[in-house]
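# A closer look at the structure
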Amino acid sequence: MLLMTSCGGTKEVVMVAPPIEEEMLDTLVVTAPPITKEEQEDPIAQVLPPYNPSATRYMDLLHTTLDLRFDWNNQWVIGTANIEMTPVFYPQSSVELDAKGFDINRISKGAKELKYAYDGIKLMIFLDRTYTRGEKVNLIIDYIAKPNEGPEGGSAAITSDKGLFFINPLGEDPNKPMQIWTQGETENNSRWYPTFDKPNERMSQQISMTVDDKYSTLSNGELISSIRNADGTRTDTWKQDKPHAPYLTMVAVGEYAVVKEEVEGLEYLYYVEEPYRPYAKTIFNHTPEMIDFFSKKLAYEYPWDKYAQVIARDYVSGAMENTGAVVFGEFVQKTGRELIDNDNDYIVAHELFHHWFGDLVTCESWANLTLQEGFANYSEYLWFEYKYGRDRADKHRMSEMQGYLMSAQNQGTHPLIWYDHPNKELMFDAHSYNKGGLVLHMLRNLVGDDAFWASLNKYLRDNEFTAVEVDELRMAFEDVTGMDLQWFFDQWYLSAGHPILEIKYEYIAEERKQLIHVDQVQNDEDHLPVYRLETEIALYDKKGNATFYPATMDTRNTTFEIENIDQPSVVVYDGHNDLLAVVNQARSTEENLALLKYSDNYIDKLKAANALKRSPLFETVLENMLNEPHEDFRELAVEYINLRKQPDQKERVESILDSDPHSSVRNAALNSLLKTDYASVKPKLVNILTGNDAYSLAATALKAMKRNNDPDLMNYVGDYEKVNYPAIVSIVADIYSSSGNGKYLGFFEDRLESVSLFAMFNFYNKYFDLLKLQSEERQIEAAMKLKEIALSGGNMFRKFVATSTINKLEDRYSSPGQEVMKIKLRKILDEIINQETDEQLQSRYRSF
Ligand SMILES: [Zn+2]
C-alpha cells in the first residue's frame, strides 16, 4: 500500500473499540492477585512486556467462493459465501469467522443448517461434529453486508475502515462516476465477506459479481466467464487458483475505459475514466518493462494470472497492491500534459513489487509490515537506478531519508519490527516504509549486489505462498552469503533509532597522514548507544581522482588513519552516502568546490552546490553545472544566472527554455527571463499558453501575466479552467478571485468537492474572497452548497474547511442592521454542528 500525506498533517487515529473476547475455560479459572504498591516500585517487572503475536490459526482456510450482488440504494452487498477449510492441527467443532456488520440469513453445510452465535463482529459457527486434521469443511453463508453502516474508524494512513465503498451510489453527482471498490488492508475485507481476516491466512478464491451491463468489473485472478442475464444484468466470474491473504481480495465495479495489452504472454489491464483513455498506458507507464526487470533481478517470474491497475474515486489511501488488481487514488490519473512534470513510476513500481513482497510472501503479523513496505519502498529506488540512473535513485532515497528522520524527530523511534506497537494501523509509518527501504539499501551494500539478489531469490523460493517473519529473511541472507548477520538484523530491524555522527577531518602534513574522526553522538534512549557501521571513506586527490577505503567501526568514537598520502582536496566519510545516519561535518568552500567538480555522487554534489550557490565561486563551476546530466544541477545553474547583471546570457537562457529536456529546468529559465523586460518575454508566455508544454510552465506564465496586469490575461485563462494540475488550479482560482466577478463562482463551486487536499485550503480562501463581494442572496445560496459538503461523508478536512468558510461569512455580519443575514448564516452553521457526529470535528466547531 502506498500512503498519501496531506497538508493537514497527520490525523489522530480514530479507533473502534475492540470486541471483548470471552474465553471459557472448562476446568480452570486463573486470576492474578492485584499488583501491590511494593511490586509496582520493584525494578523487576511483574508482568510480561506488551507483545502483538500473529493470530492463532485453528482452521486453515482453503478456498472462498463468493456470489455478490450490490444494492446501490442501500449500499449493501448481498452475498453468498462458500468457504472451504480444514483444521490446522487440533480437532475443531466450531469455527469463528470475522464478519463485521452483517445480517446473517442462513448458514449451512450441505443441506444441513448450522447453529451460530453472532455479535456483529465475530461469527461463531457450531459444526455438526468434530473435524480432525485432513478433513475438509464446506460452509455456505447467506448474508447481507452493510459496510456503510455501523462504526467507521480509520487512521492517518488508511482513512476509513469500511472495507467496501459505494461512490456516488444514486448517481446524483454529475461530476463523479458511480463506482464500487474495496480496501482490505488491514483487516477490513471482513466488512463485505466472511473470512479469517488475518495476514497469516491464505486461500484461493472465485468471485462472481452480478451487475448492470453498463459496468465493468474487476477482481483478482482471471475472468473465467461473463454471462448476460435475461434481466439486463451481467454476471462476471473471476477466479484465482493461487492462494493469497484475505486482505488482498478486491472487487471494483464502475463505468471504466478498459485498455488492454498483452506482453510476453501476460495480460495487462488499465482501468481509467473515459476521458483518460488515450493516456491509460502513460499513466501506468513502463508496467511491462518493470515486470520484466523485477522478474529477472529476482529470478522469479511474476507469479499471478494478470496485472490490472484501476483508478478509484475518493480512495482512502494512496494505492493498494490487491493481487493482480491494484487500486490507485485518482491523483494518479493524469493527462499526457500533466505527466510531463511528474510521472507515476514510483507508485507503479511500489505496488508491483508487492506482488512478490506482500502478496507472494506475506508478513505473519502487522508487526512485520516492513517485510512488505520496506521492499516496496526500496523497489522505487531499484527501478529509478535501472531506468534513469543512480542520480534519480539517490535523489529519491535522500527524500525518503529526510522523511524518516523528520518522523523520528517528531514522533519518536521504535524498532522496525515493532512487536509492541500500540495499534496495528500505526505500523503504516515512515519506519515500515522509508527506514525499511533504507535498511535494505545498506544490506545490499553490505553483502554486494549478486548476493543481495540471490538471497532475495532464496527467501522467495523458501517462503512462497506462506507468511513470514524477519528471521526468515535473515536466514536466507545467511545461507546464501555464509555470513552471520544477526548483528545487522538486531541493530537495524529489532532495535530503534539510527546513528548521529560528528565527523572531523584532519591532515597531518609532516606525517603525510589523513585522520578521520567519527563520533557517534546519538542518545541511548531513542537509539542504540553504539552502531556497527560498515562503509567506505572517499579521498579525492588534487586531480579529482577518488580512492575508496573500507571503514568499519564498532565503537562510539573511532579515528581512521590513512597513511602515506598527499593532502586530499576533499575527504568524504561514507563516500557513496549509503548509510542511514545523520552525518554532521563542516566543509570549506574549497572542499565544496572540489566535491562539486569531482564527485559523481548526487547527494554529495547537491549538498555542495547548495552550500555554494550564493558564493561568487559558483561562477567557476557554472559551465559544468549547465551540462550536468541531472536536471537539479542545471536548474541550480540557471537560477544562478542573473540576467540583470549578465544581459549577455539572455540568449543562452532562452535556448535552455526552448530545448532543455526537463520541465523544471525550462521553468527555471522562464523565471529567470521574467526578471528582465516583461514585454520581451511576453511572446514566450503566449507560446507556452497556446502550446502543449508542461503545466508548471503554463502556471508560471499565467502568474507572470497577472503580476504584470497584462490586459490579455483573460484571453488565456479560460483554456485552463478545466485543468486539474494543482499549480494551475491555484493560479486560475487566484485570477478569478481577484477579478471580483460573480460569474466565476461556478468555477469554484464545481471544484469544492474535488480540489485536491494539497490545494484545498488556498482554494477555499480564494472562493471566500470572491464570495464576500457578492449579493446576500448569492451568499446564502453558496452557504447551502457548503453545508452539503460539510454534511457529506467526505474527507474530514474538506468538511471542516467548508464549515469554516460559512463561519467566516457569518463573522462579516456583526454590525447593527446586519442581524437578518447573521441569523440566516448562523442557522445553517448550527444545522451542521448539530448533525456532526465526528468528535474531532465537533471539538473544532466549538469555537464557531
Ligand atoms: Zn506498499
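Predicted model, so just to flag it, every value in this text is computed and none were measured.

### Some details on the overall build of the chain
Across its full length, the chain holds 27 helices and 29 strands. At 30 Å, the chain has a C-alpha radius of gyration in line with the 29 Å of a compact globule built from 848 residues. Principal axes of the C-alpha set define a box for the chain whose edges measure 90 × 75 × 65 Å. The buried share of the chain, reckoned over its 848 residues, is 54%. Just so you have it, the chain exposes about 37,400 Å², and 48% of that area is on carbon and sulfur atoms. Each charge class in the chain was averaged separately, 87 positive and 133 negative side chains, and the resulting centres sit 5 Å apart.

### A word on the sheet that holds strand β24 (residues 513-520)
Reading across from one edge, β27-β24-β23-β29 is the order of the four strands in this open sheet, with mixed pairing throughout. The sheet is open, and its two borders are formed by β27 (557-563) and β29 (582-585), each paired with just one other strand. Recorded for the sheet is a direction-independent mean angle of 25° between the axes of neighbouring strands. As paired strands, strand β23 (residues 500-508) and β24 are joined by eight bridges and run antiparallel to one another. Across the sheet, residue Glu 506 finds its bridge partner in β24, namely Leu 515.

### Overview of the confidence of the model for the chain
Averaged over all residues, the pLDDT of the chain is 94; the fraction at 70 or higher stands at 96%. Predicted confidence is poor over residues 6-27, with pLDDT under 50, and the contacts of this stretch with residues over four places away or in other chains come to 27 contacts.

### Examining the packing of aromatic side chains
Scanning the entire structure with this criterion turns up 51 aromatic pairs. Ring centres of Tyr 302 and Tyr 307 lie 5.7 Å apart, and the angle between their planes is 85°; this geometry places the pair in the edge-to-face category. Taken as a pair, Tyr 302 and Tyr 307 share a single burial class, namely buried. Through successive ring pairs, a cluster of aromatic residues spans Phe 293, Phe 294, Tyr 302, Tyr 307, Phe 353, Trp 356, Phe 357, Phe 375, Trp 383, Tyr 386 and Tyr 459. The ring of Tyr 131 has Arg 129 lying over it, and the distance from NZ or CZ to the ring centre is 4.0 Å.

### What to know about the sheet that holds strand β8 (residues 137-145)
Across the sheet, which stays open at both edges, the eight strands sit in the order β5-β4-β8-β2-β1-β11-β14-β13 with mixed pairing between neighbours. Edge positions in the open sheet fall to β5 (112-113) and β13 (222-228), since each of these has one partner strand only. Where β13 and strand β14 (residues 233-244) come together, six bridges link them in antiparallel fashion. Residue Glu 222 lies in a different strand from β14, and its bridge partner there is Lys 239.

### Let's talk about the packing of helix α7 (residues 390-411) against helix α8 (residues 431-447)
Two elements in contact, α7 and α8, have axes separated by 9 Å at closest approach and are oriented at 130°. Comparing their axes, α8 and α7 come out oblique. Once α7 is placed against α8, the crossing between them reads as left-handed. Contact with α7, carried on its side by Arg 390, Arg 397, Glu 400, Met 401, Gly 403, Tyr 404 and Ser 407, involves His 431, Asn 434, Lys 435, Leu 438 and His 441 of α8 and no other residues of that element.

### A closer look at the domain arrangement of the chain
What the domain assignment reports for the chain is domain 1 (59-353), domain 2 (361-492), domain 3 (500-669) and domain 4 (703-845). When each unit is reduced to the centre of its C-alpha atoms, the spacing between domain 1 and domain 3 is 48 Å.

### Quick look at the pattern of salt bridges
Summed over the entire model, instances satisfying the criterion amount to 56 salt bridges. Measuring nitrogen to oxygen at the nearest pair gives 2.9 Å for the salt bridge that ties Arg 57 to Asp 60. Several salt bridges converge on common partners, so that one network encompasses Asp 213, Arg 228, Arg 234 and Asp 236.

### Description of the packing of helix α9 (residues 449-463) against helix α10 (residues 470-481)
For the pair α9 and α10, the least separation of the axes is 8 Å and the interaxial angle reads 125°. The angle between α9 and α10 falls in the class oblique. Both α9 and α10 take part in a crossing whose hand is right-handed. Contacts between α9 and α10 pair Ala 451, Phe 452, Ala 454, Ser 455, Leu 456, Lys 458, Tyr 459 and Asn 463 from the former with Glu 472, Leu 473, Ala 476, Phe 477, Asp 479, Val 480 and Thr 481 from the latter.

### Regarding the side chain of Gln 183
Locating Gln 183 in the fold gives a position in the loop between β10 (179-182) and β11 (203-212). A polar side-chain atom of Gln 183 sits 2.4 Å from a polar atom in the side chain of Tyr 315. Once residues lying within four places of it in the same chain are set aside, the contact partners of Gln 183 are Met 1, Ile 158, Gly 163, Phe 165, Asn 188, Asn 189, Tyr 315, Val 316 and Met 320.

### Things to note about a negative patch on the surface
On the surface, Glu 222, Glu 262, Glu 267 and Asp 305 cluster together to form a negatively charged patch. By the element assignment, Glu 222 lies in strand β13. For Glu 222, a relative accessible area of 45% translates into the label partly exposed.

### Some thoughts on a nonpolar patch on the surface
The grouping of Val 88, Phe 89 and Tyr 90 at the surface amounts to a nonpolar patch, some 320 Å² of accessible area in total. Mapped onto the fold, Phe 89 is located in the loop between β2 (76-87) and β3 (92-98). Classification of Phe 89 as partly exposed rests on a relative accessible area of 46%.

### Structural notes on the environment of His 350
Along the chain, the position of His 350 falls in helix α5 (residues 345-353). Through-space distance from the C-alpha of His 350 to that of Ala 319 is 9.2 Å; in sequence the pair is 31 residues apart. If near-sequence neighbours (up to four positions away) are discounted, His 350 is found in contact with Met 1, Leu 2, Glu 373, Ala 376, Asn 377, Ser 379, Glu 380 and Tyr 433.

### A word on the side chain of Glu 187
Of note, Glu 187 is situated in the loop between β10 and β11. Of the polar contacts made by the side chain of Glu 187, one reaches the side chain of Lys 198; its length is 3.1 Å. At 2.7 Å, the side chain of Glu 187 and the side chain of Trp 366 are in polar contact. In this structure, Glu 187 is in contact with Lys 100, Asp 197, Lys 198, Pro 199, Trp 366 and Lys 424, ignoring residues within four places of it in sequence.

### As for helix α24 (residues 776-790)
Its 15 residues give α24 an end-to-end C-alpha distance of 20 Å, which sits within 8% of 21 Å, the value for a rise of 1.5 Å per residue. Those residues of α24 that fall on the buried side of the exposure criterion are Arg 778, Gln 779, Ile 780, Ala 782, Ala 783, Leu 786, Lys 787, Ile 789 and Ala 790. Considering only its buried residues, α24 is in contact with α22 (745-749), α23 (757-771), α25 (796-811) and α26 (819-835).

### Observations concerning the environment of Phe 452
Mapped onto the elements of the fold, Phe 452 is located in helix α9. Residue classification places Phe 452 among the buried positions, given a relative accessible area of 1%. Each C-alpha atom of the pair Phe 452 and Leu 66 lies 40 Å from the other, and the pair is 386 residues apart in sequence. In contact with Phe 452, other than residues within four places in its own chain, are Tyr 378, Leu 440, Arg 444, Val 447 and Phe 477.

### As for the environment of Tyr 268
Examined against the element boundaries, Tyr 268 turns out to sit in strand β17 (residues 266-272). Tyr 268 gets classed as buried once you look at its relative accessible area, which sits at 2%. Sequence separation between Tyr 268 and Asn 671 is 403 residues, and the spatial gap between their C-alpha atoms is 41 Å. When neighbours within four sequence positions are excluded, Tyr 268 is seen to be in contact with Val 259, Lys 260, Glu 261, Val 263, Thr 287, Pro 288, Ile 291 and Tyr 307.

### Focus on unusual backbone geometry
Cis geometry is found at the peptide bond from Glu 185 to Thr 186, where omega equals 10°. By secondary structure assignment, the location of Thr 186 is in the loop between β10 and β11. Here Glu 264, not a glycine, exhibits a phi torsion of approximately 45°, which is positive. Inspection of the secondary structure assignment puts Glu 264 in the loop between β16 (257-263) and β17.

### As for helix α6 (residues 370-388)
Because an α-helix packs 3.6 residues into every turn, residues spaced three or four apart end up facing the same way. With 19 residues, α6 ought to run about 27 Å at 1.5 Å a step, and its terminal C-alpha atoms sit 26 Å apart, in line with that. For α6, the tally of buried residues reaches 15 of 19 residues, placing the bulk of the element in the interior. Of the residues one or two after α6, Gly 389 is the one with positive phi, at around 100°.

Definitions and limits used
Residues numbered from 1 in each chain as written. Predicted model: local features only at pLDDT ≥ 70, side-chain atom pairs only at ≥ 80, totals over all residues. Heavy atoms only, no water. Helix = DSSP H or I, 4+ residues; strand = E, 2+ residues; numbered from the N terminus. Rg over C-alpha atoms; globule rule 2.2 N^0.38 Å. Buried < 20%, exposed > 50% of the residue type's maximum accessible area, 1.4 Å probe, protein only. Areas by Shrake-Rupley, 256 points an atom, 1.4 Å probe, with all protein chains shown as cover. Lys, Arg positive; Asp, Glu negative; His and termini not counted. Charge placed at Lys NZ, Arg CZ, Asp CG, Glu CD. Pairing = 2+ DSSP bridges. Axes fitted to C-alpha atoms, helices over the stretch in contact; angles between N-to-C directions. pLDDT = per-residue confidence, 0-100. Contact = heavy atoms within 4.5 Å. Phe/Tyr/Trp six-rings, centres within 6.5 Å; stacked < 30°, edge-to-face > 60°. Lys NZ or Arg CZ within 6 Å of the ring centre and 35° of its normal. Parallel < 35°, antiparallel > 145°, perpendicular 65-115°, else oblique. Left-handed = near helix turned anticlockwise from the far one by under 90°. Domains from an automatic or database assignment. Salt bridge = Lys/Arg side-chain N within 4 Å of Asp/Glu carboxyl O. Polar contact = N/O pair within 3.5 Å; in protein donor to acceptor, adjacent residues only side chain to side chain. Patch = residues over 30% accessible without salt bridge, like charges linked within 9 Å, V, L, I, M, F, W, Y side chains within 5 Å. Expected span 1.5 Å × (residues − 1).

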